[in-house]
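# Observations on the three-dimensional arrangement
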Amino acid sequence: MLSALFRKNRATTTEAPGSLPVLDAEDIQDARGTLRELVAEHGAVTVRGLGLRTPADVESVLRRVAERPLAEREAFAARDRHADGVYSSSAWPPNQPMCMHHELSYALECPGLLLFACLEPPIEGGATALADATAVLHALPADLVDRFTREGWLLTRAYNEGIGATLGQSFGTDDRGEVEAYCRAHAIDWSWQPDGSLRTWQHRHAVVRHPVSGRPCWFNQIAFLNEWTMASEVREFLVEEYGPNGLPFNTLYGNGDPVPPDVVEQINKTYEAHTVRRAWQRGDLTLVDNIRTAHSREAYRGPRNVVVAMADPVRPGLPGPQRGSEAA
């Protein structure tokens, strides 16, 4: 059935107000053109009826619809690599949601396109929910957006044994010299601790222009990777174990000031108000514009096997316009 995606002769979509388009694989003539046009128009699109069963099936689709696979670097949680650009979901407790974020928004180079494929749906929950980054930008309080637009944001990381991604998982190597070379090349400050562990700091833009449309986007992981988004018992354990500066990740204002809990809550509430969610069905494929559209993973029960593919690397380095400017 996989080949059906590339040989049928018409395209139809189904969508309700506030949702995103869903296509039947049998109704697509030009897979690459049709899907990329819908992603450009809506920010994401779901295809059903492909019969996806394995990561190899996902790799096959990736190579047909994307320009170039992207190898992940700077991962914040462990993944299994299945093929070039194709990975398992990040290791994350099933009972804890992964809040809205853009994949690798803290890296200098990130995927422009994401593919999520459901090989096995959970019994309950587990949706990969989506939110429009421009709508979120305009809905956030003006003073919050203005400060983050001026200052950007700061991501701090501590690579502690047994918590979060290891050096090898994040940098692709455990060699100190190679890690330092990567940090220099990617605008990351670092410090080796007396116990041999690594801490890093990287300053990034919080608002960027979409590299194709020019649309201003709230593009960051300020809320998701902040200490106040962690479950309280998890945060308390980590602070007690590693100290307040030894959390596996945390986010700050661009000048280094802490981001207070009420700001994190405001960001997450704004995301929630603009969230679109759809339960996974076996074999579903969802394509996502990673700059325009944030995604999350909701808590779930039962087995869940959702594969992610990353492609079409971009460098969204320019700050977006001030509030009130129109998207191109």
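Refer to the structure printed above.
Notes on the structure follow. It should be emphasised that the depicted structure is a prediction, and the values quoted were computed from it without experimental measurement.

Next up on the list: the overall build of the chain. Per the secondary structure count, the chain includes eight helices and 20 strands. Within the chain, buried positions represent 53% of all 328 residues. Summarising the internal contacts of the chain: among those between residues at least 6 apart in sequence, 77% fall at separations of at least 24. About 14500 Å² of surface is accessible on the chain, with carbon and sulfur atoms providing 48% of the total.

With that out of the way, let us pick up the packing of aromatic side chains. Aromatic ring pairs are reported here in terms of the distance separating the ring centres and the angle at which the planes meet. In total, this model carries eight aromatic pairs according to the counting rule given. With centroids separated by 5.8 Å and ring planes inclined at 80 degrees, the aromatic side chains of Phe148 and Trp218 adopt a geometry described as edge-to-face. Taken together, the residues span a long stretch of sequence, with Phe148 in helix H4 (residues 142–151) and Trp218 in strand E14 (residues 216–218) at a distance of 70 residues. Under the relative-accessibility criterion, Trp218 is labelled buried at 0%. Members of the aromatic cluster, connected to one another through ring pairs, are Phe76, Trp92, Phe224 and Phe249. Sitting over the face of the ring of Tyr253, Arg147 holds its NZ or CZ atom 3.6 Å from the ring centroid.

The antiparallel open sheet is built from four strands, whose spatial order is E6-E18-E9-E16. At either end of the open sheet lies a strand with only one pairing partner, and these are strand E6 (98–101) and strand E16 (275–276). As paired strands, E6 and strand E18 (residues 293–297) are joined by two bridges and run antiparallel to one another. What sits directly across from His101, in E18, is His295.

The next subject is helix H1 (residues 31–42). Counted at 1.5 Å a residue, the expected span for H1 with its 12 residues is 16 Å, and the 16 Å between its end C-alpha atoms agrees. Those residues of H1 that sit buried are Ala31, Gly33, Thr34, Leu35, Leu38, Val39 and His42.

Our focus in this paragraph is the pairing of strand E3 (residues 44–48). By the criterion of burial, E3 is predominantly enclosed, with five of the five residues buried. The two faces of E3 match: Ala44, Thr46 and Arg48 on one face and Val45 and Val47 on the other face are all buried. By the bridge criterion, three bridges tie strand E2 (residues 22–24) to E3 in an arrangement that is parallel. Paired with Val22 across the bridge in E3 is Thr46.

Attention now goes to the sheet that holds strand E10 (residues 153–159). Strands sit in the order E11-E12-E10-E15 across an open sheet of four strands; the sheet is antiparallel. The sheet is open, and its two borders are formed by strand E11 (189–192) and strand E15 (249–253), each paired with just one other strand. Pairs of neighbouring strands in the sheet enclose a mean axial angle of 15 degrees, with direction left out of account. In this structure, E11 lies alongside strand E12 (residues 198–204), joined through four bridges in antiparallel fashion. Bridge pairing links Trp190 to Thr200 in E12. Lying on the sheet, H4 is in contact with E10, E12 and E15; it crosses E15 at an angle near 100 degrees.

Calculation rules
Residues numbered from 1 in each chain as written. Predicted model: local features only at pLDDT ≥ 70, side-chain atom pairs only at ≥ 80, totals over all residues. Heavy atoms only, no water. Helix = DSSP H or I, 4+ residues; strand = E, 2+ residues; numbered from the N terminus. Buried < 20%, exposed > 50% of the residue type's maximum accessible area, 1.4 Å probe, protein only. Contact = heavy atoms within 4.5 Å. Areas by Shrake-Rupley, 256 points an atom, 1.4 Å probe, with all protein chains shown as cover. Phe/Tyr/Trp six-rings, centres within 6.5 Å; stacked < 30°, edge-to-face > 60°. Lys NZ or Arg CZ within 6 Å of the ring centre and 35° of its normal. Pairing = 2+ DSSP bridges. Expected span 1.5 Å × (residues − 1). Axes fitted to C-alpha atoms, helices over the stretch in contact; angles between N-to-C directions.

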